[in-house]
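# Fold and contact review
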Amino acid sequence: MTFLINLLFYNAIMNYNVWSLKRFVHRIARLVPAKASIVDVGAGESPYKSLFSAAKYTSTDWAGTTDHHQYAAGIDVICPADNMPFSNESFDFALCTQVLEHVRYPEKVIQEIGRILKPGGMLFISAPQTWQEHEQPHDYHRFTRFAFRAYAEDNNFEVVEITPQGGRFRAIGYLMVWSLPYVFKSYFGRAGFVGAALFFYPINFLIALIFALLDPLDREKELTLTYECIFRKKDSR
């Protein structure tokens, strides 16, 4: 059943955000050598842990969500993202995906990650520009590419890349496809969401496909779902 759900709903057409994020983390996992240390900040249910099985992987989360997830059980270190109990320059790499929107002061998290990264260490980070509220009430921010560049510049990072997850057509297509299921969820709970997602699937898939095919027309990509970023910590010594 899980395989069928992933096949239908978590592909590049119906849920480009999730699909692209998985592709991003798979790509960066190849940049992490065996036995290198990596901290997954705000790891949640640690969905990417297996990709770093050859590395020294450490997960952190504050475990204070009000969503349906239960984070605490599999987390190595329970702590807030802006105050982690690690020594300066402890890690070679840091991963922080879809976390910054849930912290009140994102710049403090970037600063803290910079503290625990070694010079030359890399930070792999993503956060949304266009997304519905989630994990309420702990949902505070949305981001632009200029915010990410400013965070990097202010915290001794070099920007390697800031990549948008498609453009306005991908974003609009996503909003159109998932609007009805979320409306049904507000009236009938999770059962309503699942029922609407299945009932409207044929027309929604067609809508999502059309908007995906239109997306290359948007050259500027000023409206996107999420930004996927790679920063490198500068050697200030």
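Since this is a predicted model, take the numbers as computed values, not measurements. (Residues numbered from 1 in each chain as written. Predicted model: local features only at pLDDT ≥ 70, side-chain atom pairs only at ≥ 80, totals over all residues. Heavy atoms only, no water.)

## A word on the packing of helix 5 (residues 168-199) against helix 6 (residues 201-214)
- Between helix 5 and helix 6, the least distance of the axes is 7 Å, while the angle of their chain directions is 160°. If you check the angle between helix 5 and helix 6, you find them roughly antiparallel. Two packed elements cross with a definite hand, and for helix 5 against helix 6 that hand is left-handed. Here Phe169, Arg170, Ile172, Gly173, Met176, Val177, Ala197, Leu198 and Phe199 of helix 5 lie close against helix 6, whose contacting residues are Tyr201, Pro202, Asn204, Ile207, Ala208, Phe211, Ala212 and Leu214.
- For the contact of helix 5 with helix 6, the per-class residue count stands at 14 nonpolar, two polar and one charged. (Axes fitted to C-alpha atoms, helices over the stretch in contact; angles between N-to-C directions. Helix = DSSP H or I, 4+ residues; strand = E, 2+ residues; numbered from the N terminus. Parallel < 35°, antiparallel > 145°, perpendicular 65-115°, else oblique. Left-handed = near helix turned anticlockwise from the far one by under 90°. Contact = heavy atoms within 4.5 Å. Nonpolar A, V, L, I, M, F, W, Y, C, P; charged D, E, K, R; others polar.)

## Here we look at the side chain of Thr97
- Of note, Thr97 is situated in strand 4 (residues 91-97).
- According to the relative accessible area criterion, Thr97 is buried, its value standing at 11%.
- Setting aside anything within four residues of it in sequence, one finds Thr97 in contact with Leu21, Val25, Tyr48 and Ser126. (Buried < 20%, exposed > 50% of the residue type's maximum accessible area, 1.4 Å probe, protein only.)

## Overview of the nonpolar core
- Core analysis: the biggest nonpolar cluster contains 30 residues, and Leu100, Ile113, Leu123, Ile125, Phe148 and Phe231 have the highest contact counts within it.
- Counting only elements with at least two residues in this core, the list comes to strand 1 (37-41), strand 4, helix 3 (106-116), strand 5 (117-128), helix 4 (145-154), strand 6 (157-164) and strand 7 (226-233).
- Not counting residues within four places of it along the chain, the set of residues in contact with Phe231 comprises Gly121, Met122, Leu123, Ile125, Phe148, Ala152, Phe157, Glu158, Val159, Val160 and Ile162.
- With 19 residues, the next largest nonpolar core counts Leu21, Ile28, Phe93 and Phe124 among its residues. (Core = buried A, V, L, I, M, F, W, Y, C linked by side-chain atoms within 4.5 Å.)

## A closer look at helix 3
- Among the residues of helix 3, Pro106, Val109, Ile110, Glu112, Ile113, Gly114 and Ile116 are the ones counted as buried.
- Those residues of helix 3 that are buried are in contact with strand 1, strand 4, strand 5, helix 4, strand 6 and strand 7.

## Some details on helix 6
- Under the 1.5 Å per step criterion, the end-to-end length of helix 6 is 20 Å for 14 residues, consistent within 8% with the ideal 20 Å.
- Inspection of helix 6 places Tyr201, Asn204, Ala208, Phe211 and Ala212 among the buried residues, and these make up the whole buried set. The arc that holds every buried residue of helix 6, seen down its axis, measures 105°, which confines them to one face. Facing away from the buried side of helix 6 by more than 90 degrees, the exposed set consists of Pro202 and Leu213.
- Those residues of helix 6 hidden inside the fold are in contact with helix 1 (2-9) and helix 5. (Expected span 1.5 Å × (residues − 1). Arc of directions from axis to C-beta.)

## Here's the deal with the packing of aromatic side chains
- Per the stated rule, a full pass over the model turns up 19 aromatic pairs.
- Centroid distance Phe157 to Phe231: 5.9 Å. Interplanar angle 45°. Geometry classified as tilted. Of this pair, Phe157 sits in strand 6 while Phe231 sits in strand 7, placing them 74 residues apart in sequence. Residues Phe157 and Phe231 agree in their burial class; the two are buried.
- Ring pairs connect the aromatic residues Phe9, Trp178, Tyr182, Phe193, Tyr201 and Phe205, which therefore count as one cluster.
- Here Lys108 stacks its cationic end above the ring of Tyr105, 4.5 Å away from the centre of that ring.
- Against the face of Tyr16 rests Arg170, its NZ or CZ located 3.8 Å from the ring centre. (Phe/Tyr/Trp six-rings, centres within 6.5 Å; stacked < 30°, edge-to-face > 60°. Lys NZ or Arg CZ within 6 Å of the ring centre and 35° of its normal.)

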